[in-house]
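What follows is the residue order along each chain.
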Amino acid sequence: MIQEVKLENITKQIGTTTILENICLTMKCGQIYGITGENGSGKTMLMRVIAGLVNPSSGQLLFDGKNRVDADPNIGIMIENASLYPELSGRENLRLLASIRKRATNEEIDQAIRRVGLEPEDKRTFRKYSLGMKQRLMLAQAIMEQPEVLLLDEPTNAIDRKGVELVHQIMSEEAQRGAIVLLASHVDYDIRSLCSRVFLIEKGRLQMEV
Ligand SMILES: Nc1ncnc2c1ncn2[C@@H]1O[C@H](COP(=O)(O)OP(=O)(O)OP(=O)(O)O)[C@@H](O)[C@H]1O
């Protein structure tokens, strides 16, 4: 398990626009961290940089003091617009994604689907899922490989009340397992009830602890 993820002066520029500016952040295993901020403030971009989906323009991202290549961190990410195949069932989608890294067995995939309150045997295609079901499946995808770092971008915005409690429970369980959990959310309740530390991002700058 990774003990610490450290961001040192992470900056991301696209063209002449600075999207993230000198972000410094240290996250420790077993903790849930929150990031809140207005639309367009940089929350999703920060998640993408930590996940390795986007390279920072400058600064360092260290996993137990090592760069990504040397540390090879196991990162789970739940992000808006995740591309799942509309014509495949939930289980088929996750099996396809799991075949890339081969870290989760079919049994572990089914377990993750059950954990989010869905049914692995459900034959319905992803296209026919409700918004909340889609979001649950994306959470199952994020946790199925037992990640060391779990990044959740607005994980509850389409989920019903009972589902929200379930998502909170899963996040707590993941932290108890030793994962570093980072949650981006506008939902005050999510942030306050779960996170040991909460940061505010404003125009790409990580401001203060709320
Ligand atoms: N590929 C891109 N090219 C140019 N600008 C981008 C790109 N991706 C994001 N941005 C810009 O970066 C800024 C931060 O976007 P980001 O999606 O990280 O915001 P956010 O805090 O997650 O917002 P929301 O709460 O709406 O999800 C925005 O101004 C956005 O327009």
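Small disclaimer: the values here were computed from a predicted structure and weren't measured.

Criteria and cut-off values
- Residues numbered from 1 in each chain as written.
- Predicted model: local features only at pLDDT ≥ 70, side-chain atom pairs only at ≥ 80, totals over all residues.
- Near = placed C-beta within 6 Å.
- Helix = DSSP H or I, 4+ residues; strand = E, 2+ residues; numbered from the N terminus.
- Nonpolar A, V, L, I, M, F, W, Y, C, P; charged D, E, K, R; others polar.
- Axes fitted to C-alpha atoms, helices over the stretch in contact; angles between N-to-C directions.
- Parallel < 35°, antiparallel > 145°, perpendicular 65-115°, else oblique.
- Left-handed = near helix turned anticlockwise from the far one by under 90°.
- Contact = placed C-beta atoms within 7 Å.
- Expected span 1.5 Å × (residues − 1).
- Pairing = 2+ DSSP bridges.
- Core = buried A, V, L, I, M, F, W, Y, C linked by C-beta atoms within 7 Å.
- Buried ≥ 20, exposed ≤ 12 C-beta atoms within 10 Å, placed from the backbone.
- Arc of directions from axis to C-beta.

**What about the site of the ligand?**
Lining the immediate surroundings of the ligand are Ile-14, Ile-19, Gly-37, Asn-39, Gly-40, Ser-41, Gly-42, Lys-43, Thr-44 and Met-45. At three residues, helix H1 (residues 43–51) tops the list of elements feeding residues into the shell around the ligand. Within the shell around the ligand, the residues separate by chemical class into three nonpolar, six polar and one charged.

**Things to note about the packing of helix H3 (residues 90–101) against helix H5 (residues 131–143)**
In contact at an axis separation of 10 Å, H3 and H5 are set at 30 degrees when each is read in the N-to-C sense. Classed by the angle they form, the pair H3 and H5 counts as roughly parallel. Helix-helix and strand crossings are classified by hand; for H3 and H5 the assignment is right-handed. Residues Gly-90, Asn-93, Leu-94 and Leu-97 of H3 form the contact with H5, whose own contacting residues are Leu-137, Ala-140 and Gln-141.

**Quick notes on helix H6 (residues 161–177)**
Over its 17 residues, H6 extends 25 Å from the first C-alpha to the last, a length consistent with the 24 Å expected when each residue adds 1.5 Å. Buried residues in H6 make contact with strand E3 (32–36), helix H4 (106–115), H5, strand E6 (149–153), strand E7 (180–184) and helix H7 (188–194). Among the residues trailing H6, Gly-178 stands out with phi positive, at a value near 115 degrees.

**Some words on the sheet that holds strand E5 (residues 75–78)**
Strands sit in the order E5-E6-E7-E3-E8-E9 across an open sheet of six strands; the sheet is mixed. Each edge of the open sheet is held by one strand with a lone partner, namely E5 and strand E9 (205–209). Within the sheet, the average angular offset between the axes of one strand and its neighbour, ignoring direction, is 20 degrees. Alignment of E3 against E7, held across four bridges, turns out to be parallel. Across the sheet, the residue bridging to Ile-32 is Val-181, located in E7.

**Focus: the nonpolar core**
Counting 56 residues, the largest nonpolar core has Leu-46, Leu-139, Ala-140, Leu-151 and Val-181 as its most contacted members. Ranked by residues supplied to this core, first place goes to H5 with seven residues.

**Remarks on the environment of Ile-32**
Examined against the element boundaries, Ile-32 turns out to sit in strand E3. Considered as a pair, Ile-32 and Pro-86 are 54 residues apart in the sequence and their alpha carbons are 32 Å apart. When near neighbours in sequence (up to four residues on either side) are disregarded, Ile-32 contacts Met-171, Ala-175, Val-181, Leu-183, Leu-194, Cys-195 and Ser-196.

**Quick look at unusual backbone geometry**
Positioned with a positive phi, Asp-72 is a non-glycine residue whose angle comes to about 45 degrees. You can see Asp-72 is positioned in the loop between helix H2 (68–71) and E5. Here the phi dihedral of Gln-146 falls at roughly 50 degrees; this positive angle occurs in a residue that is not glycine. Position of Gln-146 relative to the elements: it lies in the loop between H5 and E6. Of the residues examined, Gln-146 has 17 C-beta atoms within 10 Å and is grouped as partly exposed.

**Some words on the sheet that holds strand E2 (residues 17–28)**
Pairing is antiparallel across the open sheet formed by three strands, whose spatial order is E2-E1-E4. Single-partner strands in this sheet number two, and they are E2 and strand E4 (58–63). Across the sheet, the mean angle separating the axes of adjacent strands is 15 degrees when strand polarity is ignored. Inspection of the sheet shows strand E1 (residues 4–14) paired to E4 by five bridges, in the antiparallel sense. The residue of E4 that forms the bridge with Thr-11 is Ser-58. In the packing of H1 onto the sheet, the strands contacted are E1, E2 and E4, and the crossing angle to E2 comes to about 60 degrees.

**Overview of H3**
Among the residues making up H3, those that are buried are Gly-90, Arg-91, Asn-93 and Leu-94. Buried residues of H3, seen end-on, are gathered within an arc of 155 degrees and therefore sit on one face of the element. In H3, the exposed positions angled more than 90 degrees off the buried face are occupied by Leu-96, Ser-99 and Ile-100. Of the residues trailing H3, Lys-102 is marked for its positive phi of about 55 degrees.

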